[in-house]
Amino acid sequence: CPGPVDTPLLETTIGKALDAAADQWGNRLALVSRHQGIRWTWAELNQQVDRIAAGLSRRIKRLLERRRVVGDAIRDAAAVAGREFGDSACQMGHGR
């Protein structure tokens, strides 16, 4: 930013600001995309954002769960290798 700004920032989240806009201007036009054939009111825009956010949240949860499962499998394999082959297997696993 080039310097101080006279207009203060909102002390809220984007989601809360969109909720407030949807409450205040629900049936007024908020977004137009001619090439996509979209004309959404503030209420419709808010619904679409909520739908997309919920989908992203579900996807992130699935990815994190997969990461946890893979991490657990790697730790288990390292433990088995350590028991089976001793310290040399653990050292090889760490690039030594």
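Below you will find a few notes about this structure. (Residues numbered from 1 in each chain as written. Predicted model: local features only at pLDDT ≥ 70, side-chain atom pairs only at ≥ 80, totals over all residues. Heavy atoms only, no water.)

**Brief notes about the overall build of the protein chain**
If you tally the helices and strands in the protein chain, you get three helices and two strands. Beginning at the N terminus, the succession of helices and strands in the protein chain can be written as α-β-β-α-α. Excluding contacts between residues fewer than 6 apart, the proportion of contacts in the protein chain whose partners are at least 24 apart in sequence is 17%. Looking at the protein chain as shown, the accessible area adds up to about 8600 Å², and 57% of this sits on carbon and sulfur atoms. (Helix = DSSP H or I, 4+ residues; strand = E, 2+ residues; numbered from the N terminus. Contact = heavy atoms within 4.5 Å. Areas by Shrake-Rupley, 256 points an atom, 1.4 Å probe, with all protein chains shown as cover.)

**Considerations on the pairing of strand β2 (residues 38-41)**
Across four bridges, strand β1 (residues 29-33) lies against β2 in antiparallel orientation. The residue of β2 that forms the bridge with Ser33 is Ile38. Counted along the chain from β1 to the antiparallel partner β2, the turn is four residues long, and its residue Gly37 has a positive phi close to 70°. (Pairing = 2+ DSSP bridges.)

**Topic: the pattern of salt bridges**
Summed over all chains, the structure comprises one salt bridge. In this structure, Arg68 and Glu65 form a salt bridge, with 2.6 Å as the shortest nitrogen-oxygen distance. With a gap of three residues between them, Arg68 and Glu65 both fall in helix α2 (residues 42-85), about one helical turn apart. (Salt bridge = Lys/Arg side-chain N within 4 Å of Asp/Glu carboxyl O.)

**Here's the deal with the side chain of Thr41**
In this fold, Thr41 is placed in strand β2. The class for Thr41 is buried, based on a relative accessible area of 17%. Here the side chain of Thr41 touches Gly26 through a polar contact of 3.2 Å, landing on its backbone oxygen. In contact with Thr41, other than residues within four places in its own chain, are Gly26, Asn27, Arg28, Leu29 and Ala30. (Buried < 20%, exposed > 50% of the residue type's maximum accessible area, 1.4 Å probe, protein only. Polar contact = N/O pair within 3.5 Å; in protein donor to acceptor, adjacent residues only side chain to side chain.)

**A look at a nonpolar patch on the surface**
Among the surface-exposed residues, Ile52, Leu56, Ile60 and Leu64 lie close enough to one another that they form a single nonpolar patch of about 390 Å² accessible area. Mapped onto the fold, Leu56 is located in helix α2. (Patch = residues over 30% accessible without salt bridge, like charges linked within 9 Å, V, L, I, M, F, W, Y side chains within 5 Å.)

**Describing the packing of aromatic side chains**
Counted by the stated rule, this structure contains one aromatic pair. On the numbers, 5.8 Å between centres and 45° between planes, the contact of Trp25 with Trp42 is tilted. With Trp25 in helix α1 (residues 14-25) and Trp42 in helix α2, this pair connects stretches of sequence that are 17 residues apart. Judged by its relative accessible area of 32%, Trp25 is partly exposed. Of the residues examined, Trp42 reaches a relative accessible area of 22% and is grouped as partly exposed. (Phe/Tyr/Trp six-rings, centres within 6.5 Å; stacked < 30°, edge-to-face > 60°.)

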